[in-house]
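For reference, the chains in residue letters:
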Amino acid sequence: GDHRDLHSFPTRRSSDLFLALAKQNGFGKILAHAPYTLNPCSKDTSVREFAGEVFADDLKRMENLPGNLYNFHPGSHVGQGVAAAIPQIVEILDAVMPEARHTTVLLETMSGKGSEVGSRFEELAEIISRASSNAPERLGVCLDTCHVYSAGYDIVNRLDEVLEEFDRVIGLNRLHAIHLNDSM
């Protein structure tokens, strides 16, 4: 269901119970994923504003579960071009990062279908470098194996080289999650 229906989730009590359960059972970090329908670089201002509102709300909720990760798709530029889209994504990140004091925000690698932003490591690096002034240690990347393969990075035959390129362009220190996706 839509998480907007969960007006009080997570409550402080439910968060505390979960955190105790997670510690007791050795859980790893939680990776929450923003709704797929958000588009932080839409040509439509109201669509971008809605994405920013949802991000801010989600990040406030994530503060109840400190030390975890929040992943999102950079969006689709819908014909306005990557050069116009990147500043729009940066603007939203700059607005919401103060809400993420204890959460690392991840940009997911994209396949580049349609007008998706984030299929090239250079695009993600530019977004991070332009948006990280207020929280450099709290911005990173989730590498989706299907998406990067579809974008032309040969992780099947050249994984070492792809990771070396990722390290050179973005930095492996920014790689916080891998979405192992077998639909290549």
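A quick note: this is a predicted structure, and the numbers were derived from the prediction, not measured.

### Some words on the nonpolar core
- One finds F55, F72, L93, V105, I127 and I170 to be the most contacted residues of the largest nonpolar core, which totals 39 residues.
- Elements with a contribution of two residues or more to this core: α2 (45-62), β2 (68-72), α3 (82-96), β3 (103-108), α4 (121-131), β4 (139-144) and α6 (159-169).
- A per-element tally of this core places α3 first, with 7 residues.
- Other than its neighbours up to four places away in sequence, I170 contacts F121, L124, A125, I128 and V141.

### Re the packing of α2 against α3
- Taken N-terminus to C-terminus, the directions of α2 and α3 make an angle of 35 degrees; their axes are 9 Å apart at the nearest point. Where α2 crosses over α3, the handedness of that crossing is right-handed. Across the interface between the two elements, R48, A51, G52, F55, A56 and L59 of α2 pack against Q88, I92 and V96 of α3.
- Among the residues making up the contact of α2 with α3, the classes are represented as 6 nonpolar, 2 polar and 1 charged.

### Overview of the pairing of β3
- Counting buried positions along β3 gives 6 out of 6 residues, so the element sits mostly inside the fold.
- Note: β2 against β3, 5 bridges, orientation parallel. When the sheet's bridge partners are listed, L69 is paired in β3 with T104.
- Regarding the hand of the β-α-β motif, the stretch spanning β2, α3 and β3 is right-handed.
- Note: β3 against β4, 4 bridges, orientation parallel. Within β4, the residue paired with V105 across the bridge is L139.

### Some points on the confidence of the model for the protein
- Considering every residue of the protein, the mean pLDDT works out to 90; 92% of them sit at 70 or more.
- No element of the protein has a lower mean pLDDT than helix α1 (residues 12-24), at 89, and none a higher one than α6, at 98.

### Concerning the packing of aromatic side chains
- Applying the stated criterion across every chain yields a total of 5 aromatic pairs.
- Between F55 and Y70, the aromatic rings sit 5.9 Å apart at their centres with planes inclined by 80 degrees, giving edge-to-face as the arrangement. Placement of the pair is F55 in helix α2 and Y70 in strand β2, with a sequence separation of 15 residues. Of the two residues, F55 and Y70, neither departs from the other in class, the shared state being buried.
- These aromatic residues form a ring-pair network of at least three members: F55, Y70 and F72.

### Here's the deal with α2
- Over its 18 residues, α2 extends 26 Å from the first C-alpha to the last, a length consistent with the 26 Å expected when each residue adds 1.5 Å.
- Along α2, the residues classified as buried are R48, A51, G52, V54, F55, A56, D58, L59, R61 and M62.
- Contacts made by the buried residues of α2 are with β1 (31-33), β2, α3 and β3.

### What about the sheet that holds β1?
- Pairing is parallel across the open sheet formed by 5 strands, whose spatial order is β1-β2-β3-β4-β5. The two strands at the open ends of the sheet, each matched to only one other strand, are β1 and β5 (175-179). Looking at each pair of strands side by side, their axes are set apart by 30 degrees on average, direction ignored.
- α2 rests against β1, β2 and β3 of the sheet, and its axis sits at about 165 degrees to β2.

### Structural notes on the environment of V96
- The residue V96 is located in helix α3 in this model.
- Between the C-alpha atom of V96 and that of K60, which follows or precedes it by 36 residues, the distance is 9.3 Å.
- In contact with V96, not counting residues within four places along its chain, are G52, F55, A56 and L59.

Reading guide: rules and limits
Residues numbered from 1 in each chain as written. Predicted model: local features only at pLDDT ≥ 70, side-chain atom pairs only at ≥ 80, totals over all residues. Heavy atoms only, no water. Core = buried A, V, L, I, M, F, W, Y, C linked by side-chain atoms within 4.5 Å. Buried < 20%, exposed > 50% of the residue type's maximum accessible area, 1.4 Å probe, protein only. Helix = DSSP H or I, 4+ residues; strand = E, 2+ residues; numbered from the N terminus. Contact = heavy atoms within 4.5 Å. Axes fitted to C-alpha atoms, helices over the stretch in contact; angles between N-to-C directions. Left-handed = near helix turned anticlockwise from the far one by under 90°. Nonpolar A, V, L, I, M, F, W, Y, C, P; charged D, E, K, R; others polar. Pairing = 2+ DSSP bridges. Right-handed = clockwise from strand over helix to strand, strands pointing away. pLDDT = per-residue confidence, 0-100. Phe/Tyr/Trp six-rings, centres within 6.5 Å; stacked < 30°, edge-to-face > 60°. Expected span 1.5 Å × (residues − 1).

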